[in-house]
Amino acid sequence: MKPIIRYRFLLLLMALVVVAAGCGRSKRLNKNVTLWRTDKIPYGTYYAYENLRHVFPDASVVINKKSPDQYKTYSYKTEKEEEDSDTVQYADDKTNYIIISNQVLPDESEVNALLNLVGKGQHVFISAFTISESLLDSLHLKTAFYSSLFNTDDSLTVSVNNPETNDSLSFTYPGTALDNYFASVDSNITSILGRDKFGRPNFVKFDYDGGGSIYIHLAPMAFTNFFLLHKNNKTYYDNALSYLPKNSTIVRWDDYFRYHTAGSDNKDGNGLFGAGSWLFKQKGLSTALLLLLALMLIIYLFESKRKQRVIPVILPLKNASVDFVKTVGRLYFQRHDNKNLALKMTVHFQDHVRSRYGIRSSLNDPEFEKKLAWKTGYNINNLKNMLFFMNSLQKMHDVTDDALLEFNRKLDHFYKYA
């Protein structure tokens, strides 16, 4: 075989190997649950947000970043006037307020503001994994799950009543469920519009005398790109939102509750020290703060002159590994980076199991808990509960303080008695 023919043959063979390797490599599903309007990933809500203009063709779709207690009712405010309003947003009686988020945790004043909007003829649609108990209590609702515990099935089935015929239509998709349901509703004031695969209510409506209504929905995964683009599931989206008035002039898609938690002071995007904050609106306090900053600057300039360094005290060496771990854990907890801290606690648990018991199986291995229970003698029911809780935290976008503390308690019990 001539050299040039041999080289061509080798190049062709290498090309075939590369193509075969590329064909055999399957794409991995992005399982990050964001529910964010600009995300085109499976569990984003880009499709739901973009199709609002088709469901409400006569309405202006705007982004809301303000707390509901900063709204004031005003008849027919123009779109130009809305853009010029920095601290107060106005809403007329033809407004639909749509909130699709991981959590909706309004404080007491915000709960009252939402209900006042509904009482004055507006319409509020809320779909979230976690909804504050204060809002649920005001509507006489109780959910089956709280905190970060949800249905972790790998498929979701939901049904919704057709607004015109009242027929129940069922929809499903092969993605993460993470849904919840109402364990208790007041049938005197509640209309059930949708249910889960077991027939339990997960979508309800409340009508007010002023003509407004509020909707509570506990399966936000049904508004993700993955769900809506699977077969004919967009019909679920059309039916669910068709309960809102079609003649609305404004549809507000909420971004405020994505970052807001109950008790937070940052309701207008400025925070405590922002240019429009309460502190800087108080003339005496703002003047005192500026004088304090000026004094600190003067002290720094005078004290920054070179002086003889203090001879440091050299302490004996000690094993600081435990202190380091505690400090790092405290740092993550104080920063409220709960999801990252939960992941590190899970990695530490897996490393402990590998080094002490020689078990290298992953958490998803069905034989893992059997091996671990046999080697440690730890209660099998407690172990199953801990591993289920651990897997649930890894799938969540946000982890609450209560869920993190509960996770730490379960791990401590395992380390103590295993």
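Residues numbered from 1 in each chain as written. Predicted model: local features only at pLDDT ≥ 70, side-chain atom pairs only at ≥ 80, totals over all residues. Heavy atoms only, no water.

Trainee: Sorry, what's going on with the environment of Ile63 here?
Mentor: For Ile63, the location among the structural elements is in strand β1 (residues 60-64). Overall, the relative accessible area of 26% leaves Ile63 in the partly exposed class. Sequence spacing of Ile63 and Tyr97 is 34 residues, and the spatial spacing of their C-alpha atoms is 10.0 Å. Those residues within four positions of Ile63 in sequence are excluded, and the remaining contacts are Arg37, Tyr49, Trp253 and Asp255. (Helix = DSSP H or I, 4+ residues; strand = E, 2+ residues; numbered from the N terminus. Buried < 20%, exposed > 50% of the residue type's maximum accessible area, 1.4 Å probe, protein only. Contact = heavy atoms within 4.5 Å.)

Trainee: How should I be thinking about the pattern of salt bridges in this particular structure?
Mentor: A side chain of one charge can pair with a side chain of the opposite charge if their charged atoms are brought near each other. All chains considered together, the criterion is met by 6 salt bridges. Put simply, Asp207 and Lys205 hold a salt bridge, and the shortest N to O gap is 3.4 Å. Taking relative accessible area as the criterion, Lys205 reaches 17% and is therefore assigned buried. Asp238 is paired through a salt bridge with Lys234; the nearest N and O atoms lie 2.9 Å apart. With Asp238 and Lys234 both in helix α8 (residues 234-241), this residue pair falls 4 residues apart, about one helical turn. Salt bridges here are not isolated pairs; linked through shared partners, they connect Glu406, Arg409 and Lys410. (Salt bridge = Lys/Arg side-chain N within 4 Å of Asp/Glu carboxyl O.)

Trainee: What's the story with the environment of Val33 in this structure? I'm lost.
Mentor: With respect to the helices and strands, the residue Val33 is situated in the loop between α1 (3-24) and α2 (46-50). Judged by its relative accessible area of 3%, Val33 is buried. Placed 69 residues apart in sequence, Val33 and Asn102 show a C-alpha to C-alpha distance of 8.5 Å. When residues no more than four places from it in sequence are discounted, the contact partners of Val33 are Tyr43, Asn102, Phe129, Leu178, Met221, Lys395 and His397.

It is worth stressing that arrangement in space is one thing and function is another; only the former is reported here.
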